[in-house]
Amino acid sequence: RYVAICIFDCNDLKKINDIHGHEKGDEYIKNACHFICTTFRRSAVFRIGGDELAAVLMNDDFVNRDNLVEIFVKEQEAISAATTDPWNQLHIAMGLAIFAPENDGSLNDTINRADELMYENKRIWKEKNARK
C-alpha cells in the first residue's frame, strides 16, 4: 500500500494575530483547514499543532498527488489575490514525502522528511515575501 504525508503550516499567523486579533487568526486557521480538506478531499487531515496540519494521502489522492499539489499552489494564489483581508488569504507552506520502506524505518521518518520540506518551503516563501 502506498502512502504520502503532507505537512502544512500557515504562514504569517503571528502577524495576523498581532495586528488583527486572535479571532481573525482563528478564522485564518479555519480557512486553511477548509482549503486543505477540500483540496485533498479523499485524505485524512489532522491538526497537529497550533497552525500545523497534516494529511495522509492514500488511494486516489496518492495517485493524483502531483495534480493536487499543483491545484493547491494555484488556488492559494487565486484566493489570496481575490482579497485584501490577510485572514482570508492563504499562504500555506507544504512539504510532501512518500513512504519509502527501503529507506524509512517507520512512518515517522516519512513525517520528518515532509516536515523538513515544509520548513524549507516556508523559508523560501518568507525570503520571497520579505522583499515585498
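The structure this text deals with has already been given above.
About the thresholds
- Residues numbered from 1 in each chain as written.
- Predicted model: local features only at pLDDT ≥ 70, side-chain atom pairs only at ≥ 80, totals over all residues.
- Heavy atoms only, no water.
- Helix = DSSP H or I, 4+ residues; strand = E, 2+ residues; numbered from the N terminus.
- Rg over C-alpha atoms; globule rule 2.2 N^0.38 Å.
- Buried < 20%, exposed > 50% of the residue type's maximum accessible area, 1.4 Å probe, protein only.
- Contact = heavy atoms within 4.5 Å.
- Areas by Shrake-Rupley, 256 points an atom, 1.4 Å probe, with all protein chains shown as cover.
- Lys, Arg positive; Asp, Glu negative; His and termini not counted.
- Charge placed at Lys NZ, Arg CZ, Asp CG, Glu CD.
- Pairing = 2+ DSSP bridges.
- Axes fitted to C-alpha atoms, helices over the stretch in contact; angles between N-to-C directions.
- Polar contact = N/O pair within 3.5 Å; in protein donor to acceptor, adjacent residues only side chain to side chain.
- Phe/Tyr/Trp six-rings, centres within 6.5 Å; stacked < 30°, edge-to-face > 60°.
- Lys NZ or Arg CZ within 6 Å of the ring centre and 35° of its normal.

J.: Mind laying out the overall build of the protein, listing which residues take part and the relevant values?
T.: For the protein, the count of helices and strands is 5 helices and 4 strands. The order of α-helices and β-strands along the protein, N terminus first, is β-α-α-β-β-α-α-β-α. Expected size for 132 residues packed as a compact globule is a radius of gyration near 14 Å; at 15 Å, the protein falls within 12% of this value. Along the first, second and third principal axes, the C-alpha set of the protein runs to 45 × 25 × 25 Å. For the protein, the proportion of its 132 residues judged to be buried stands at 38%. Put simply, of all contacts in the protein between residues at least 6 apart along the chain, 63% involve residues at least 24 apart. In the form shown here, the protein has an accessible surface area of approximately 7900 Å², with 52% of it arising from carbon and sulfur atoms. If you average the places of the 17 positive and of the 22 negative side-chain charges in the protein, the two averages end up 3 Å apart.

J.: An account of the sheet that holds strand S3 (residues 52-57) is needed here, citing residue identities and associated values.
T.: Working definition: the strands of a sheet are paired by backbone hydrogen bonds and lie parallel or antiparallel to each other. As summarised here, the arrangement of the 4 strands in space is S2-S3-S1-S4, forming an open sheet in which the pairing is antiparallel. Among the strands making up the open sheet, the edge pair consists of strand S2 (44-47) and strand S4 (92-98). When strand polarity is set aside, the average angle formed by the axes of neighbouring strands in this sheet is 20°. Where helix H5 (residues 107-130) meets the sheet, it contacts strand S1 (4-10), S3 and S4, and its direction lies at approximately 145° from that of S4.

J.: If you had to explain the pairing of S3 to someone new, which residues and values would you point to?
T.: Counting buried residues along S3, 5 of its 6 residues qualify, which places the element largely inside the surrounding structure. Examined bridge by bridge, S1 and S3 share 6 bridges and lie antiparallel to one another. Note on S3: the bridge partner recorded for Ala-4 is Leu-57. Summarising the sheet, S2 and S3 pair through 4 bridges and their orientation is antiparallel. Counterpart to Ala-44 in the pairing with S3 is Val-56. The antiparallel pairing of S2 with S3 creates a hairpin that spans 4 residues between the two strands.

J.: Can you break down the side chain of Ser-80 residue by residue, with the values?
T.: With respect to the helices and strands, the residue Ser-80 is situated in helix H4 (residues 65-81). Residue classification places Ser-80 among the buried positions, given a relative accessible area of 10%. Within polar-contact distance, the side chain of Ser-80 engages the backbone nitrogen of Leu-90 at 2.9 Å. Among all residues touching Ser-80, those that are not within four sequence positions of it are Gln-89, Leu-90 and His-91.

J.: So what about the packing of aromatic side chains? Which residues, and what values?
T.: Under the counting rule described, the total for this entry stands at 5 aromatic pairs. With centroids separated by 5.8 Å and ring planes inclined at 15°, the aromatic side chains of Tyr-2 and Phe-62 adopt a geometry described as stacked. In this pair, Tyr-2 sits in the segment before S1 while Phe-62 sits in helix H3 (residues 59-63), placing the two residues 60 residues apart along the sequence. Site record: aromatic cluster; members linked through ring pairs are Phe-8, Phe-35, Phe-40 and Phe-72. Directly above the ring of Phe-62 sits Arg-65, whose terminal nitrogen or CZ lies 4.2 Å from the centroid.

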